[in-house]
Each structure stands twice: as C-alpha cells, then as structure tokens.
Amino acid sequence: NAGVTQTPKFRILKIGQSMTLQCTQDMNHNYMYWYRQDPGMGLKLIYYSVGAGITDKGEVPNGYNVSRSTTEDFPLRLELAAPSQTSVYFCASSLPNPGQGADTQYFGPGTRLTVL
Amino acid sequence: DQQVKQNSPSLSVQEGRISILNCDYTNSMFDYFLWYKKYPAEGPTFLISISSIKDKNEDGRFTVFLNKSAKHLSLHIVPSQPGDSAVYFCAARAIQGAQKLVFGQGTRLTINP
C-alpha cells in the first residue's frame, strides 16, 4: 500500500492563479481531510469528507473548494491564490470509529505552496 | 481561540534521559487525545492516544498522562533516543466533532548525544 499520496510536492503560484492539490489514498478509508500548517502553528482543518459525495467545512475553508467523487480521491482547489495561502498542505484519511476509540488519521507527505 | 496549546516551542534533552512534552486544552467536550510525531518534509505519524476515561496509556517507551481536572496532558519518552528528535503535536477530538481533530502548535524535541 502506498498509503496517502499528494501531488505536487512543491508549487509556486502567482497571486490570482488557480491550482488543484491532489490527494489519493489506497486504504479504502471513508474519511478524508485537508489541513494547512503555517510556520510555528499547528495543523488547521480546511475541509473534510465522510464519504464519496459528502464534504463539509472545517476551521479555515475560505478560499478553498473540495470535491469527493470517489473513495480514493479528495482534491483541494484554490481558485484565486493569495499570499495568505502560502502554507504546507496535508491530506489525511481515516476509517470511521464510532466507539470510544478515535480514528487514527494517516497523513500524506504534504505540498509546500508559495504564493507570490 | 486556541483550544489546544503547547506552550513550549522547543525542548532539548540528553540522550537516555526522560523527555516530557506538555499540552493544555480548554474545551471540556474533548473526549480523546492523540500525539503525532513529525519529521521534516514528512507528514505527521500517529504515536499514542488516550481516552478521556483513562488517566494513563503506555506503549513501549512512550506514556501519555491525562489530568482532566487540570485539562492537561503530557507525553513521556523514556529513555530518549536520537531518533526521537522531531516535532510533536498534541491533538484532541470533540464528541460532537465526529472525527475532526484540533491540533496544538507543536513542540520541537531535540535529543542530544
């Protein structure tokens, strides 16, 4: 299993450009997430999905869009890139765990995005 | 509003000694707590977790302690090894928040030989 893969690893965008960050998992996980990590800060949830066709906003969704047409893929779209979106983006996935135990989230290696 | 706080940005420990990483939280609805470890240029990896119904969980060299009344948890690493040098994130899950996690800012642990 490759786990969670993300592409690209690095990207530089100009202000106003758009791009899609790709995320794929091969563990048949229902839940998928997008986080951003700014320097010296923890991970903040952008969007998440509990299954194909279902997405919901996290803590910092403004400026981003997502879709979930398959169980495996969860792309993150930036429509009009702004310098404030310079960050490292992590995709994660997990199985739902309805009991006392929380799910373990498996993270991809991240995409480092710079907007100039 | 920082619901999960790690007040020490960095910690330096001698190899073989104990490393203690701390985490405080404000939301009494959190029911599960996790520690993740992150190496440079990699994603975070799960390390250890604890349910709010317990006060201690051990896994090899790693032990997590939870003090609910103080809203405080800590991660103990004994003995510390050079490979433990990484950034450690504390995370918490709220009962009403499905599988959503709230992360602290992270603590960079350096183990000196």
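Criteria and thresholds
- Residues numbered from 1 in each chain as written.
- Chains lettered and ligands numbered in written order.
- Predicted model: local features only at pLDDT ≥ 70, side-chain atom pairs only at ≥ 80, totals over all residues.
- Heavy atoms only, no water.
- Core = buried A, V, L, I, M, F, W, Y, C linked by side-chain atoms within 4.5 Å.
- Buried < 20%, exposed > 50% of the residue type's maximum accessible area, 1.4 Å probe, protein only.
- Helix = DSSP H or I, 4+ residues; strand = E, 2+ residues; numbered from the N terminus.
- Disulfide = S-S within 2.5 Å.

*Asks:* Would you mind going over the nonpolar core with me for this structure?
*Replies:* In globular proteins that are soluble, nonpolar side chains generally tend to be buried together. Counting 24 residues, the largest nonpolar core has B:F33, B:W35, B:L73, B:L75 and B:Y88 as the members making the most contacts within it. If you list the elements that add at least two residues to this core, you get β3 (19–25), β4 (30–38), β5 (45–51), β7 (62–67), β8 (72–77), β9 (86–94) and β11 (107–112) of chain B. Here this core gets five residues from one element, more than from any other, and that element is β9(B). The next biggest cluster of nonpolar side chains, apart from the first, holds 19 residues, and it includes A:M19, A:W34, A:A81 and A:Y89.

*Asks:* Where do I start with the state of the cysteines in this structure?
*Replies:* Throughout this description, disulfide means a covalent bond between two cysteine sulfur atoms. Enumeration according to the criterion identifies two disulfides over all chains in this entry. In this model, A:C23 is linked to A:C91 through a disulfide, with the two sulfur atoms separated by 1.8 Å. Negative torsions about the S-S bond denote left-handed disulfides, and the value of about -70 degrees found for A:C23 with A:C91 makes this one left-handed. Residue A:C23 is located in strand β3 (residues 19–25), and its partner A:C91 is located in strand β9 (residues 87–94); the two are separated by 68 residues in the primary sequence. By relative accessible area, A:C23 is classed as buried at 1%. In this structure A:C91 comes out as buried when scored by relative accessible area, which is 0%. Covalent S-S linkage joins B:C23 and B:C90, the inter-sulfur distance amounting to 2.0 Å. Note on the B:C23 and B:C90 pair: the S-S dihedral is about -75 degrees, so by sign convention the disulfide is left-handed. Here B:C23 is found in strand β3, whereas its partner B:C90 is found in strand β9, with 67 residues between them in sequence. Both residues of the pair, B:C23 and B:C90, belong to the buried class.

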